[in-house]
Amino acid sequence: MNPLLSRLQPYPFERLKQLFADVTPAPHYRPISLGIGEPRHATPQFIKDALCAHTDGLASYPATAGEPRLRAAFTDWLARRYGLQLDPATQVLPVNGSREALFAFAQTVIDASKSKGAPEDAPIVVCPNPFYQIYEGAALLAGATPHYVPSRPERNFAVDWDSVPEAVWRRTQLVYVCSPGNPTGAVMPLAEWEKLFALSARHGFVIASDECYSEIYFQGEPPLGGLQAAARLGRSDFKNLMAFTSLSKRSNVPGLRSGFVAGDAELIRAFLLYRTYHGGAMGPAVQAASIAAWGDEQHVEQNRALYRQKFAEVTPLLAQVLDVRLPDAGFYLWAGVPAALGLSDTAFARELLAQYNVTVLPGSYLAREVAGSNPGAQRVRMALVAETSECLEAAQRIVQFIQSCSA
């Protein structure tokens, strides 16, 4: 077996299952889960129709690079959304969802041979903390060492890039950025991008920008994207930059497993080579459905309106008893557990399930302890993915739970 597999930590949802193994949920309440970030709004009918109408190509192997019409759909969307002009032949590539692409990209980029077997020389992958666990697994299985950078509440959960030592930057080969962030919902501003681009130019590392929550936002202006930031700063070649996006949240099709990457043509060329051997081609029916989805914005606006209404109703209710506020974007609330309760984030989750049959995810499961501190501790992530009425009912139960614990 690959010995690097032993370095992988249990996935947060497996840890949650173990945490609740001996908990009996309150039987007089119907179960409501805010634990998993799986979109539950209805999939638009026109996407399903496109999928079903294009099954004739199933007898042929699809090209890893995708059909020209699909790549054109990507660049057309990038032009509408960000005002960018990319070459559909060289600067975009279809992927089977951003999750597999974020993982595979590290295997393409990381050069573990530079360590020459010495742990102190191993390449470093920098990622935010808390973080999407795929970043860590991708780094470890590529033979790299993760370096976790805290997202601090006093800075609206912005990643503290200034805390990274120069010695770490010198060994860094890849940086994962998540904007809007999971779980915090924070969007990285232009000044932070400028700082990261300058570090990339100095040290030569690659930036992987995870933007799968970019279309769920609550203010008037859409979140800034990595490629958009680069263009504004005069980096129109997108050197050492790759953006990852997906239809899962935007179009409520997580089961379709469809997204794309865009950016540096040299990185695209290397990633295409890797994916050709890895078997990362997208099926023809999925390509057809994806073309339809990327070409339509009306369903995205309707989806965004549903989230806006939901967050507008749920957030003030929970803010009465929790340290929580409306995020910049995304569909999570990142809430602080009241210290007066005397409960850890894991104990809070267990008691909430036992007494009110509501599932939330302990924040410590989404972060790593560094220098004796886990930046996810004493917080819980709540995914507001269900219908508004169900999320409101869950919020009301959480309020009752906290009030009963405080009485």
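Criteria and cut-off values
- Every chain's residues receive numbers from 1 upward, in the order its sequence appears when written.
- The predicted nature of this model means local features are confined to residues of pLDDT at least 70 and side-chain atom pairs, given and counted, to a pLDDT of 80 or more, with totals for whole chains, interfaces and linings taken over all residues.
- Based on all heavy atoms of the structure, the side-chain values leave hydrogens and waters out of the count.
- Elements are defined by DSSP. Helices are runs of H or I of four residues or more, strands are runs of E of two residues or more, and each kind is numbered from the N terminus.
- For the exposure calls, accessible area comes from a 1.4 Å probe over protein chains only, and a residue counts as buried if that area is under 20% of its type's maximum, exposed if over 50%, partly exposed in between.
- In this count, Lys and Arg are taken as positive residues and Asp and Glu as negative ones, while His and the chain termini are left out.
- Between Lys or Arg on one side and Asp or Glu on the other, a salt bridge is scored when a side-chain nitrogen of the former is within 4 Å of a carboxyl oxygen of the latter.
- In this description, contact between two residues means that some pair of their heavy atoms is separated by no more than 4.5 Å.
- Here, strands pair whenever DSSP counts at least two bridges between them.
- For cavity detection a 1 Å grid was placed over the protein atoms alone, and a set of points counts as a cavity when a 1.4 Å probe fits there but cannot get out; an open set counts as a pocket when protein lies on both sides within 12 Å along at least five of seven lines, with lining residues being those that have an atom within 4 Å of a point.
- Grid points are joined across faces, edges and corners, and a volume is the space filled by probe spheres set on the points.
- Ten residues, namely Ala, Val, Leu, Ile, Met, Phe, Trp, Tyr, Cys and Pro, are considered nonpolar, four, namely Asp, Glu, Lys and Arg, are considered charged, and the remaining ones, Gly among them, are considered polar.
- Here a crossover is taken to be right-handed if, once the strands point away from the viewer, the path from the first strand over the helix to the second is traced clockwise.

Undergrad: Which parts of the structure should I look at to understand the side chain of Lys-249?
TA: Here Lys-249 shows up in helix H9 (residues 247-251). Although Lys-249 lies buried, it forms no salt bridge, and the closest oppositely charged side chain, Asp-210, sits 7.4 Å away as judged by the N-O distance. Sequence-distant contacts of Lys-249, defined by excluding residues within four places in its chain, comprise Gly-37, Pro-39, Cys-212, Tyr-213, Ile-216, Asn-303 and Phe-331.

Undergrad: In this structure, what is going on with the pairing of strand E10 (residues 332-336)? I would like to understand it.
TA: Every regular strand shows the same layout, with side chains that alternate between the two sheet faces. Counting buried positions along E10 gives five out of five residues, so the element sits mostly inside the fold. Of the two faces of E10, the one carrying Tyr-332, Trp-334 and Gly-336 and the one carrying Leu-333 and Ala-335 are both buried. Where E10 and strand E13 (residues 379-383) come together, five bridges link them in antiparallel fashion. Following the sheet pairing, Trp-334 is matched in E13 by Arg-381.

Undergrad: Help me out: how do you make sense of empty space enclosed by the protein in this one?
TA: The gaps of empty space that remain are located by a probe, the size of a water molecule, rolled over the atoms. With the rule as written, the count across this model stands at three cavities of 30 Å³ or more. Considering only enclosed or pocket space, the largest cavity measures out at about 120 Å³ in volume. Around the largest cavity, the lining comprises 13 residues; the ones closest to its centre are Asn-156, Phe-157, Thr-184, Arg-325 and Pro-327. When the residues that make up the lining of the largest cavity are grouped by side-chain class, the tally is six nonpolar, three polar and four charged. Each pocket or cavity is described by its volume, and for the second largest cavity that value is around 80 Å³.

Undergrad: Is there a simple way to explain the layout of surface pockets in this structure?
TA: What the largest pocket holds in volume is close to 490 Å³. Broken down by secondary-structure element, the contributors of at least two residues to the lining of the largest pocket are helix H1 (12-19), helix H4 (98-109) and H9. Within the lining of the largest pocket, the residues separate by chemical class into 13 nonpolar, seven polar and six charged.

Undergrad: Please explain the pairing of strand E7 (residues 206-210) as it appears in this structure.
TA: Summarising burial for E7: five of the five residues are buried, a large majority. Side chains Val-206, Ala-208 and Asp-210 of E7 all project onto a buried face; the interleaved residues Ile-207 and Ser-209 project onto the opposite face, where all are buried too. Relative to E7, strand E6 (residues 172-178) runs parallel, the two sharing five bridges. Directly across from Tyr-176, in E7, lies its bridge partner Ala-208. Of the crossover connections in this fold, the one passing from E6 over helix H7 (residues 190-203) to the parallel E7 is right-handed. Strand direction decides the pairing type here: E7 and strand E8 (residues 241-246), joined by four bridges, are parallel. Bridged to Ile-207 within E8 is Leu-241. Regarding topology, helix H8 (residues 226-232) serves as the crossover connection from E7 to the parallel E8, and that connection is right-handed.

Remember that the coordinates give geometry; whether it matters functionally is a separate question.
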